[in-house]
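# Per-entry structural report
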There are 2 protein chains.
Amino acid sequence: MTQFALDPYNRNCPTRRLLDRIGDRWTVLIVGALGDGPRRFGEISRRVDGVSQKMLTQTLRGLERDGLVRRTVYAEMPPRVEYALTPVGETLQEPLRALEDWAREHMGGVQDARESYDVLAGSAA
Amino acid sequence: MTQFALDPYNRNCPTRRLLDRIGDRWTVLIVGALGDGPRRFGEISRRVDGVSQKMLTQTLRGLERDGLVRRTVYAEMPPRVEYALTPVGETLQEPLRALEDWAREHMGGVQDARESYDVLAGSAA
């Protein structure tokens, strides 16, 4: 595959679906939760408040399949399972952290904009 | 609202839903399409190959409500309607462009990882 052919503006390009994976809220939060090192399922689950078991399992499996997260089973009793970012997964941290920071920084402005919009929309109705 | 209270890891924080908006594939592509200046609906629609009229309308309206896109109607015959990034919307360009670049750069590696994963999953079944 040549890099030149990749264009998410083209509906058939696989990068468009990859954007769904990496921009997904759960991916942003899970990759962030793994930013300080390997974590167990329960630890991620507690950090990402409100994620369902199903969604966490599904997102971790997708990230593992994409080569962004590595799942390691330690042969202990009971077996210990840890999730960690792969080197490629680590390259995602910076852009996703930028998204998270943007959301924190601009939430207030966005809420003000929504209120103004809704007042105008209400008065026009 | 104090900035300190904002935390997308908390399920009730509005930043979590804001992450959905900004990480959405259509937002990434539409904000990118407006990167060079104002565009008409039809121009955006052609640039973002495969977006439905409904999805484009809905995403533009959401971005307008959030204060990220401005819709301007010019009193011509026929009326001309243009969409442009607001100054706040422009601050989104850099993080979203980073996501787009990441997807282009790592698509090949992700596809290789998927193939390996699927071979292993197949042999384990």
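This text goes with the structure placed above it.
Overview of the structure. The structure presented is a predicted model; accordingly, all values stated were derived computationally and were not measured.

Residues and elements named next belong to chain A. Helix length check: helix 4 (residues 53-65) (13 residues) gives 18 Å between terminal C-alpha atoms against 18 Å at 1.5 Å per residue, within 8%. Looking at helix 4, one finds that the buried residues are Leu 56, Thr 59, Leu 60, Gly 62 and Leu 63. Down the axis of helix 4, the sector holding all buried residues measures 160 degrees, keeping them to one side. Facing away from the buried side of helix 4 by more than 90 degrees, the exposed set consists of Gln 53 and Lys 54.

Right, let's get into the pattern of salt bridges. All names here are of chain B. Following the criterion strictly, the structure yields 20 salt bridges over all chains and no others. For the salt bridge of Glu 76 with Arg 80, the shortest nitrogen-to-oxygen distance reads 2.9 Å. When its relative accessible area of 34% is taken as the criterion, Glu 76 is described as partly exposed. Measuring nitrogen to oxygen at the nearest pair gives 3.2 Å for the salt bridge that ties Arg 97 to Asp 101. Residue Arg 97 and its partner Asp 101 are both found in helix 5 (residues 87-124); the two are separated by 4 residues, about one turn of the helix. Here Asp 101 falls in the partly exposed class, since its relative accessible area comes to 34%.

A few words now on the interface of chain B and chain A. Of the residues lining the interface, 54 residues belong to chain B; the matching set on chain A comes to 54 residues. For the pair chain B and chain A, the summed buried surface comes to about 5,300 Å²; carbon and sulfur atoms form 62% of the total. Of all residues in chain B, the largest losses of buried area upon contact with chain A belong to Tyr9(B), Arg65(B) and Trp102(B), amounting jointly to 17% of the total for that side. The interface formed by chain B and chain A holds 10 salt bridges in total. Linking chain B to chain A there are 22 residue pairs in polar contact (both at pLDDT 80 or more). Within the residue set of the side of chain B that touches chain A, elements represented by two or more residues are helix 1 (14-23), helix 2 (25-33), helix 4 (53-65) and helix 5 of chain B. Sorting elements by how many residues they give to the side of chain B that touches chain A places helix 5 of chain B first, with 21 residues. When grouped by side-chain class, the residues that make up the side of chain B that touches chain A number 26 nonpolar, 11 polar and 17 charged.

All names here are of chain A. Pairing is antiparallel across the open sheet formed by 3 strands, whose spatial order is 1-3-2. What marks the edges here is a single partner per strand, and that holds for strand 1 (39-40) and strand 2 (69-74). As paired elements, strand 2 and strand 3 (residues 80-85) share 6 bridges and run antiparallel to each other. Counted as the bridge partner of Tyr 74 is Arg 80 from strand 3.

Scoring rules and cut-offs
Residues numbered from 1 in each chain as written. Chains lettered and ligands numbered in written order. Predicted model: local features only at pLDDT ≥ 70, side-chain atom pairs only at ≥ 80, totals over all residues. Heavy atoms only, no water. Helix = DSSP H or I, 4+ residues; strand = E, 2+ residues; numbered from the N terminus. Expected span 1.5 Å × (residues − 1). Buried < 20%, exposed > 50% of the residue type's maximum accessible area, 1.4 Å probe, protein only. Arc of directions from axis to C-beta. Salt bridge = Lys/Arg side-chain N within 4 Å of Asp/Glu carboxyl O. Contact = heavy atoms within 4.5 Å. Buried area = accessible area lost by both parts, 1.4 Å probe. Polar contact = N/O pair within 3.5 Å; in protein donor to acceptor, adjacent residues only side chain to side chain. Nonpolar A, V, L, I, M, F, W, Y, C, P; charged D, E, K, R; others polar. Pairing = 2+ DSSP bridges.

Treat this as a map of the structure, not an account of what it does.
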